[in-house]
Amino acid sequence: MKVGLVLEGGAMRGMYTCGIMDTMLENNIEVDAIVGVSAGALFGVNYVSKQIGRGIRYTKKFAADKRYMSARNFIKDGNFIGTEFAYITVPQTLDVFDYEAYRQSPVKFYAVVTNIETGKAEYKLLEDVDSQIHTLRASGSMPFLSTPVELDGQKYLDGGIADSIPFQWMAQQGYDKIIVILTRSADYRKKSMVKPLVKAFYGRKYPNLVKSLNERHNVYNRSTELLTHWEEAGRAFVIRPTEPVDIGRTETDPDKLQAVYELGLADGKKYIDDLKKYLSE
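Read on for an overview of the structure.

Rules of the game
- Residues numbered from 1 in each chain as written.
- Predicted model: local features only at pLDDT ≥ 70, side-chain atom pairs only at ≥ 80, totals over all residues.
- Heavy atoms only, no water.
- Salt bridge = Lys/Arg side-chain N within 4 Å of Asp/Glu carboxyl O.
- Helix = DSSP H or I, 4+ residues; strand = E, 2+ residues; numbered from the N terminus.
- Buried < 20%, exposed > 50% of the residue type's maximum accessible area, 1.4 Å probe, protein only.
- Contact = heavy atoms within 4.5 Å.
- Core = buried A, V, L, I, M, F, W, Y, C linked by side-chain atoms within 4.5 Å.
- Lys, Arg positive; Asp, Glu negative; His and termini not counted.
- Pairing = 2+ DSSP bridges.

With respect to the pattern of salt bridges
Next, step 1: Going through the model one piece at a time under the given rule, you end up with nine salt bridges.
Next, step 2: With its nearest N and O atoms 2.8 Å apart, the salt bridge here joins aspartate 65 to arginine 67.
Next, step 3: The closest approach of N and O atoms between aspartate 267 and lysine 270, which form a salt bridge, is 4.0 Å. In this pair, aspartate 267 and lysine 270 both sit in helix α11 (residues 254-280), three residues apart, roughly one turn of the helix.

Here it is in structure tokens:
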């Protein structure tokens with residue numbers, strides 16, 4: 001049996017994912033591979049390093065810090081999230097990420113990115129967080145709020161543009177037990193982006209990216225419908241919020257962040273026995 005964990009993105013809705021993951025870690029749920037999208041990748045690496053509580057802790061502490069997220073950052077270099085502070089200063093100095101524990105872990109971790117030339121998803125194996133930090137940054141580089149990140153001569157943005165819930169990709173890699181953590185409740189359906197805005201930002205240089213952005217809602221909604229069928233057939237174990245996660249993508253209020261995290265903890269306790277049964281069958 002090979003167990004794969006799939007982590008949807010959702011910016012600060014990722015506090016829900018942190019709550020679920022911390023509950024799983026506390027219950028010693030072992031997985032063989034993880035694929036994370038955007039915030040799912042950024043927070044998901046803490047599962048590999050087994051740092052319970054780290055995701056909610058540093059997010060609450062620094063979300064309102066202008067060095068972390070601000071219009072000032074965007075004006076400075078085109079990135080709403082401060083590159084140096086969020087990806088270097090915080091994990092290396094202010095809330096230290098356990099790079100060595102990550103490197104020693106047998107768990108394979110993949111970050112999903114979207115190639116802006118092709119408009120397609122790519123799945124990058126993240127062997128070392130320190131040296132590959134820009135792969136993580138690419139996965140979480142939200143369209144309109146970030147400049148593309150260059151990796152090996154190619155430019156990338158948020159993985160959720162092309163594959164928000166990569167459970168099918170995980171199955172194709174040979175993982176027969178698939179756990180999926182979503183950050184939207186069961187009744188959520190994604191709406192279309194404003195096409196003139198998409199065209200104004202990316203239309204001239206990146207037509208394939210425009211196509212992916214304009215089709216994102218359809219792809220996402222079809223994906224969630226298929227995932228429900230997989231869930232009903234026992235092909236995947238899906239964890240989703242039991243109530244709508246009403247939080248902004250760039251939320252800075254620590255109380256609201258904590259509330260979403262606590263929903264994750266509460267839901268984690270509700271799901272954990274069924275998850276253990278799923279993994280034991």
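Things to note about the environment of tyrosine 58
Next, step 1: By the element assignment, tyrosine 58 lies in helix α3 (residues 54-62).
Next, step 2: For tyrosine 58, a relative accessible area of 8% corresponds to the buried category.
Next, step 3: Expressed as a C-alpha distance, the spacing of tyrosine 58 and tryptophan 169, which sit 111 residues apart in the sequence, is 31 Å.
Next, step 4: Beyond its immediate sequence surroundings of up to four residues, tyrosine 58 is in contact with Leu42, Phe43, Asn46, Ala63, Tyr68, Val90 and Asp95.

Focus: the nonpolar core
Next, step 1: In terms of nonpolar packing, the biggest core is built from 60 residues, with Met24, Ile34, Val129, Ile179 and Leu275 touching the most fellow members.
Next, step 2: With nine residues, α11 is the single largest residue contributor to this core.
Next, step 3: Setting aside anything within four residues of it in sequence, one finds methionine 24 in contact with Leu5, Ile29, Tyr47, Ile179, Ile181, Ile272 and Leu275.

Focus on the side chain of arginine 137
Next, step 1: Structurally, arginine 137 can be placed in helix α7 (residues 133-139).
Next, step 2: There is no salt bridge for the buried arginine 137, and the closest opposite charge comes from aspartate 77, which lies 6.7 Å off by N-O distance.
Next, step 3: Discounting chain neighbours no more than four positions away, the residues touching arginine 137 are Asn79, Thr83, Tyr87 and Val149.

Details of the pairing of strand β4 (residues 121-125)
Next, step 1: Bridge count for strand β3 (residues 108-115) against β4 is five bridges, and the pairing is antiparallel. The partner of tyrosine 110 across the bridge, within β4, is leucine 125.
Next, step 2: If you look at the hairpin formed by β3 and β4, you'll find five residues sitting between the two strands, and glycine 119 has a positive phi there, around 75°.

Looking at unusual backbone geometry
Next, step 1: A positive phi angle, near 55°, is found at alanine 11, a position not held by glycine.
Next, step 2: Examined against the element boundaries, alanine 11 turns out to sit in the loop between β1 (3-7) and α1 (14-26).
Next, step 3: Residue classification places alanine 11 among the buried positions, given a relative accessible area of 12%.
Next, step 4: At lysine 50, a position not held by glycine, the phi torsion is positive, near 60°.
Next, step 5: Accessibility expressed as a relative area gives 51% for lysine 50, which makes it exposed.

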